[in-house]
Amino acid sequence: MNMTTTGDAGDKSSPASPNGNKRQGDWLLRRLSLVARQDGLLSRAQIEALLNQAPDDAMPAAAWRAWIVMVSDACKLQMSGWSDEPDVAMLPMLMLTPEGEMGVVLARGADGSWRIDGPDGLGYTHDWQPGAQFTKVEVSGVAPARRSAKAFFKETFFADRRWVFYAALVAVLGNILALATSLYSMQVYDRVIPTQGFSTLIVLSVGALIAIVLELLLKLARSAIVNEALSHIDINLSSGIFERLLNLRMDQFPSQVGSLSGQLRSYETIRAFNSAISLFACSDAPFALFFLAVIFWVGGPFVAAVPLVFLILAVVVGQLSRSRIERAAMAGTGAGNRKLGLLVEAVSGAEALKAGGGGWQVLTRWNDLSRESVRQDADIRHLSETSQYLSAALQQLSYICMVATGAYVATTGSITSGAVVACSILSGRVLTPVNMIPGLLVQWANAKAAHKSLEAIFALRCDNHEVERPLVPQRIEGRLSLQDVAFTYGPEGQGIAIPRLEIAPGERVAILGAIGAGKSTVLRLLGGFYCPQQGRVLLDGLDIQQISRDRLSEVLGYLPQHVSLFGGTLRDNLLLGLSSKDDEQVLRAAQATGLQALIAGHPKGLDLPIAEGGAGLSGGQKQLVALTRLMLSAPKVWLLDEPTACMDSQTEERCIVALEQAMADGATAVLVTHKHALLRLVERIVVLTPQGVVLDGARDVVLRQLQGGVVVSPGGNPSNRPQPGNPSAPRSAPSAQVMTTR
Ligand code: ADP
């Protein structure tokens, strides 16, 4: 197998690996549980047991095969039989060479290369080692796209519960050691002072010192364990949320990008709360009861009743401020997100703001939102500080009452004065967790608000929504059809309705229409980016929503009206999503489109740096980059939305020639344009209005009709241009605006 490794996705060493030579087994176990999307399905003990049975890395395929069956059973994956030939329909599939080398084959690139994830990282390969075998990995579990935010957090957070267990264990030991201080005081008062036993005092002091040092070490260990676990959780959470965002279907994308980024980032709040509450519930809170029991044991029921009463009082005080903190947090989070939204809007539209002099209006909105967010923050701070001060006051009161009750009980001779001192120290420990309640309440309220907005994002539909197993057709001919399609933007938004539109394989069609007629919308429907509320969009007779998005990205080349580039280099942008394209291929495509001038004119050539969003390149240059990338991907179906809108006539002409050549091998093309020059590429024209298709026919026939004065009535039927002076004739004539002359 000739594999090009492009990155390191494998964990080369693992604490779980019993020995170094089972690296492959450890890797496979991790990858399969990832494929199964069932992180946390296996307990640590199960993982260890499976790894102990894994063959050594040097063992041949036969030894691995039996183990793989064992692992797939444990991961609730079903494996089909082994096949000698890889097949796209089998993706994701496991590959095993006769020497026991293995990898998970994830996808097939448009250029025929296979994307493979192996113990040494991600890579691409064109040819397989002789004797390599393949088996399909079938997932039986809840598709991640259908998980709620709550389920996602639960799975990620408790995928590995060890950290909670260790943290709790350390807390238990630490708290037991903390007892030493109070017992030390008790012994000093009761045994050392009355008997002047200085040697006892030295022994006791050394013992107490050791206990304090041990407690410190345990706390440090707990912090290390929890931080390590939380770093993993953080990475998994952010990766899962970002993946979810990437998988959202385009028509589901919330329109407020800034607010959306605020909402997405709020997972940090949930993570912080989850870790705090887990530790609180597992380690701190139970110890309030434990210390209460010790007080009961040392000081008797009267003395123990005092901290119990104050414990209940402190919880009630926390509860009273809960709903107000929650309301303030909800409003504060909303204002914070809107502020972020405005910031993104102002930065991206800075030029328009300056040109139009609208800065002060945005500043007013910014100040309003700032005031709201600051007010809510201050409210939360005030509420939490109030309950914190109240808790502290209760703690002091508890101490005084405790000493008073203890002293009274001691005078009756039931307990010693040492016991009173010990109980008063322990009473502080009972109320310590209670002091954490106000802070936890604030975190909880913020996390609840964050959870609500994240849940709304998780409820949005993803690509291939509700499709159990998306189709991965290997051969695509490029037949497109819209059947009884109706699509609207939101309940009151504008939409389009197209009862029928057929585009044959290899056919090249231009969609014309006035602005707002719905041309771009049709293109997005044809690309499967939008799902119609009614009817179906078919590619080669298959519902496009059923075809895997990854496969669609390979066979459909979509050029949006507004091209977005990504921060990085020109090469990164040209090769986005493409594999195994060498510089020569890139330069050839650039030569064809005219991008070569940009590459040659910059000292860094293909490594020309591109700023975030493509800043630094003109609109026409961005279009050239996107068009060149499309040439490199050589799609079967081209969907081009005003591909040359920002180009000068010379560059446009060059691009038209390049497109003609690129489409010469029978590619299907749908082109939205206002430019006459581009019509050279097509043989058919469809004229669209918001009411639907009004003209559809051979290019020259439709052009003659348009030039001859056929107009499009609001009812959607072509009619003759209205005669002057005839008020009843249709007045709207959008077809006159469908083309520019060039
Ligand atoms: P065209 O490409 O023909 O100019 P579009 O397909 O972009 O038209 O838009 C068709 C109609 O849908 C327009 O009236 C436009 O206002 C509306 N529209 C387009 N995109 C959105 C969107 N994301 N949200 C709401 N309405 C939209």
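Where an unreviewed UniProt entry is consulted, the protein appears under the name ATP-binding cassette domain-containing protein, with the organism given as Pseudomonas triclosanedens. Per UniProt, the protein carries the Subcellular location (unreviewed entry) text "Cell membrane".

Asks: Quick rundown of the packing of helix α7 (residues 257–265) against helix α12 (residues 437–458)? Include the residues and the values.
Replies: Packing of α7 against α12 brings their axes to within 8 Å, and their N-to-C directions diverge by 110°. Between α7 and α12, the crossing angle belongs to the class labelled roughly perpendicular. Viewed along their axes, α7 and α12 form a crossing whose handedness is left-handed. Residues Leu260, Gln263 and Leu264 of α7 touch α12, and the partners they reach there are Ser453, Leu454 and Ile457. For the contact of α7 with α12, a count of residues per class yields four nonpolar, two polar and no charged.

Asks: For the UniProt feature "transmembrane region" (unreviewed entry) in the protein, give the residues involved together with the corresponding values.
Replies: The UniProt feature table records "transmembrane region" (unreviewed entry) at residues 163–186, 198–218, 272–296 and 302–320. Split by type, residues 302–320 is 100% helix and 0% strand. Its first and last C-alpha atoms lie 28 Å apart.

Asks: Any chance you could break down the site of the ligand for me, citing the residues and the numbers?
Replies: In the vicinity of the ligand, the residues found are Tyr489, Gln494, Ala514, Ile515, Gly516, Ala517, Gly518, Lys519, Ser520 and Thr521. The separation between an oxygen atom of the ligand and a polar main-chain atom of Gly516 is 2.8 Å. Here an oxygen atom of the ligand and a backbone polar atom of Gly518 are 2.9 Å apart.

Asks: Can you tell me about a nonpolar patch on the surface, naming the residues and giving the values?
Replies: Nonpolar side chains collect at one region of the surface, where Ile202, Val206, Leu209, Ile210, Val213, Leu214, Leu216, Leu217 and Leu220 lie side by side and expose about 850 Å² of accessible area between them. With respect to the element layout, Ile202 can be found in helix α6 (residues 198–247).

Asks: Before we move on, can you summarise the pairing of strand β16 (residues 637–641) with the specific residues and values?
Replies: Across a regular strand the side chains alternate sides, sitting on one face of the sheet and then on the other. With five of its five residues buried, β16 lies for the most part within the structure. The side-chain alternation of β16 yields two buried faces, one formed by Val637, Leu639 and Asp641 and the other by Trp638 and Leu640. The pairing of strand β13 (residues 556–559) with β16 spans four bridges and is classified as parallel. If you follow Leu559 over to β16, its bridge partner there is Leu640.

Asks: Provide a residue-level description of the nonpolar core, including the pertinent values.
Replies: Side chains of a nonpolar character, in soluble globular proteins, are inclined to be buried together. Core analysis: the largest hydrophobic core is formed by 47 residues, its most contacted members being Leu570, Trp638 and Ile685. If one sorts the elements of this core by residue count, helix α18 (residues 619–633) sits on top with seven residues. Ignoring anything within four residues of it in the chain, the contact list for Leu570 reads Leu598, Ile599, Gly605, Leu606, Leu608, Ile610 and Val625. Counting residues in each nonpolar core, the second largest holds 39 residues, with Val298, Ala304, Val420 and Leu441 among its members.

Asks: Break down helix α5 (residues 162–195) for me, citing the residues and quoting the values.
Replies: Between its terminal C-alpha atoms α5 stretches 48 Å, which fits the 50 Å expected from 34 residues at 1.5 Å a residue. In the structure, α5 departs most strongly from a straight axis at Val188, where the bend amounts to approximately 35°. Two residues or fewer after α5 comes Gln196, characterised by a positive phi angle close to 55°.

Asks: If you had to explain the sheet that holds β13 to someone new, which residues and values would you point to?
Replies: Read from one edge to the other, the open sheet built from six strands follows the order β13-β16-β17-β10-β18-β19, with strand pairing classed as mixed. Looking at the sheet topology across the chains shown, the edges are occupied by β13 and β19 (692–698). Taking the axes of each pair of neighbouring strands and ignoring which way they run, one obtains an average angle of 15° across the sheet. Where helix α20 (residues 699–707) meets the sheet, its contacts fall on β10 (508–513), β18 (684–689) and β19, and the angle it forms with β19 comes to roughly 125°.

Asks: Which residues make up the pairing of strand β9 (residues 495–503), and what are the values?
Replies: Summarising the sheet, strand β8 (residues 480–488) and β9 pair through eight bridges and their orientation is antiparallel. Following the sheet pairing, Phe487 is matched in β9 by Ile496. Hairpin connection of β8 to β9: six residues between the antiparallel strands, including Gly490 at a positive phi of 70°.

Asks: Give me the sheet that holds β8: which residues, what numbers.
Replies: Spatially, four strands are ordered β9-β8-β11-β12 in an open sheet, and the strand pairing comes out antiparallel. Looking along the sheet, the strands with just one partner apiece sit at the ends: β9 and β12 (542–543). Sheet strands touched by helix α13 (residues 519–526): β8, β9 and β11 (534–539). Its angle to β8, the strand with the most contacts, is close to 120°.

About the thresholds
Residues numbered from 1 in each chain as written. Predicted model: local features only at pLDDT ≥ 70, side-chain atom pairs only at ≥ 80, totals over all residues. Heavy atoms only, no water. UniProt positions renumbered as here; feature names shortened; annotations may be inferred. Axes fitted to C-alpha atoms, helices over the stretch in contact; angles between N-to-C directions. Helix = DSSP H or I, 4+ residues; strand = E, 2+ residues; numbered from the N terminus. Parallel < 35°, antiparallel > 145°, perpendicular 65-115°, else oblique. Left-handed = near helix turned anticlockwise from the far one by under 90°. Contact = heavy atoms within 4.5 Å. Nonpolar A, V, L, I, M, F, W, Y, C, P; charged D, E, K, R; others polar. Near = heavy atom within 4 Å. Polar contact = N/O pair within 3.5 Å; in protein donor to acceptor, adjacent residues only side chain to side chain. Patch = residues over 30% accessible without salt bridge, like charges linked within 9 Å, V, L, I, M, F, W, Y side chains within 5 Å. Areas by Shrake-Rupley, 256 points an atom, 1.4 Å probe, with all protein chains shown as cover. Salt bridge = Lys/Arg side-chain N within 4 Å of Asp/Glu carboxyl O. Buried < 20%, exposed > 50% of the residue type's maximum accessible area, 1.4 Å probe, protein only. Pairing = 2+ DSSP bridges. Core = buried A, V, L, I, M, F, W, Y, C linked by side-chain atoms within 4.5 Å. Expected span 1.5 Å × (residues − 1). Bend = angle between axes of the 7 residues up to and from the residue.

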